[in-house]
Amino acid sequence: MQNQQTTSPQPRPLTLRETSALFSNLARGCEKQYMPVQAALFTQLADFYAAAAPLPPPAPPETLLASVQNDVDALFPAAGDVAREQGDRGAQRALVWSEKVTRIHRSLLTRYSKQGDEMLENKNVYVCSICGFIALGDAPPPLCPVCKAPDWKFEKAEGR
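Throughout what follows, the structure given in this document is the object of discussion. Being a predicted model, the structure only gives us computed values, none of them experimental. Each chain has its residues counted from 1, following the order in which its sequence is written. The predicted origin of the model limits local features to residues at a pLDDT of at least 70 and limits the giving and counting of side-chain atom pairs to 80 or more, whereas totals for whole chains, interfaces and linings rest on all residues. Calculated side-chain values reflect all of the structure's heavy atoms, with hydrogen atoms and water omitted.

## Re the environment of N124
Filter applied, for reference: Strands are runs of DSSP state E lasting at least 2 residues, helices are runs of H or I lasting at least 4, and numbering of each runs from the N terminus. Accessibility here uses a 1.4 Å probe with only protein chains present; expressed as a share of the type maximum, an area under 20% marks a residue as buried, one over 50% as exposed, and anything in between as partly exposed. Contacts between residues were defined by any pair of non-hydrogen atoms, one from each residue, lying within 4.5 Å. Within 3.5 Å is the distance limit for a polar contact, defined as a pair of N or O atoms, with the added protein rule that one can donate a hydrogen and the other accept it, and that residues adjacent in sequence qualify only through two side-chain atoms.
Secondary-structure assignment places N124 in strand β1 (residues 124-128). Judged by relative accessible area, which is 24%, N124 ranks as partly exposed. Between the C-alpha atom of N124 and that of D138, which follows or precedes it by 14 residues, the distance is 5.7 Å. Excluding its chain neighbours within four sequence positions, the residues that come into contact with N124 are A135, L136, G137, D138 and K156. Here Y126 takes part through its side chain, which lies 3.3 Å from a polar atom of the side chain of N124. A distance of 3.4 Å separates a polar side-chain atom of N124 from the backbone oxygen of D138.

Written out as structure tokens, the structure is:
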């Protein structure tokens, strides 16, 4: 019997924005590990790539909804299968949080596609810096309903 080697498809190159997000995530990981020098270096790299990347045009809510639906229907189940097969409990936990937040984003996008900018009138938008949960209101919630981070971990989103 001949030993056949299977090859994995080669990943596509990251965009400048994706590279910035990768370095930003690595910086946050270093912060959590109390590695301030490394966090600062990763932050510099994230800022460099973010500055080099042109801002994409705003996507209509329908396009975002289709992308989010694909995440819920296809990508989260596939990633969950891999995490379970590998016995990676950390990845499984992160996927649970991510899927919860993605479903909340889907709900917000559905509301926005019906109500438009009226949905955001006289409201601030806060994003949990830990899990990405989005809250609308005068102030962030005392605790993130997804990851239980305290209110000071929320960042106020400026602009539209």
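## As for unusual backbone geometry
With the exception of glycine, most residues fall at negative phi, and the peptide bonds are largely trans. Residues other than glycine seldom take positive phi values, yet Y34 does so here, at roughly 55°. Within the element layout of this structure, Y34 appears in the loop between α1 (16-32) and α2 (36-52). Residue N122 is not a glycine yet carries a positive backbone phi of 55°. Of note, N122 is situated in the loop between α4 (89-115) and β1.

## Some words on the nonpolar core
The test is simple: Take the buried residues of types Ala, Val, Leu, Ile, Met, Phe, Trp, Tyr and Cys, join any two whose side-chain atoms come within 4.5 Å, and each joined set is a nonpolar core.
V101, Y126, C128, C131, F133, A135, C144, V146, C147, A149 and F154 form the largest nonpolar core, which has 11 residues in total. Setting aside its immediate chain neighbours within four residues, Y126 contacts F133, I134, A135, G137, D138, A139, P140, F154, E155 and K156.

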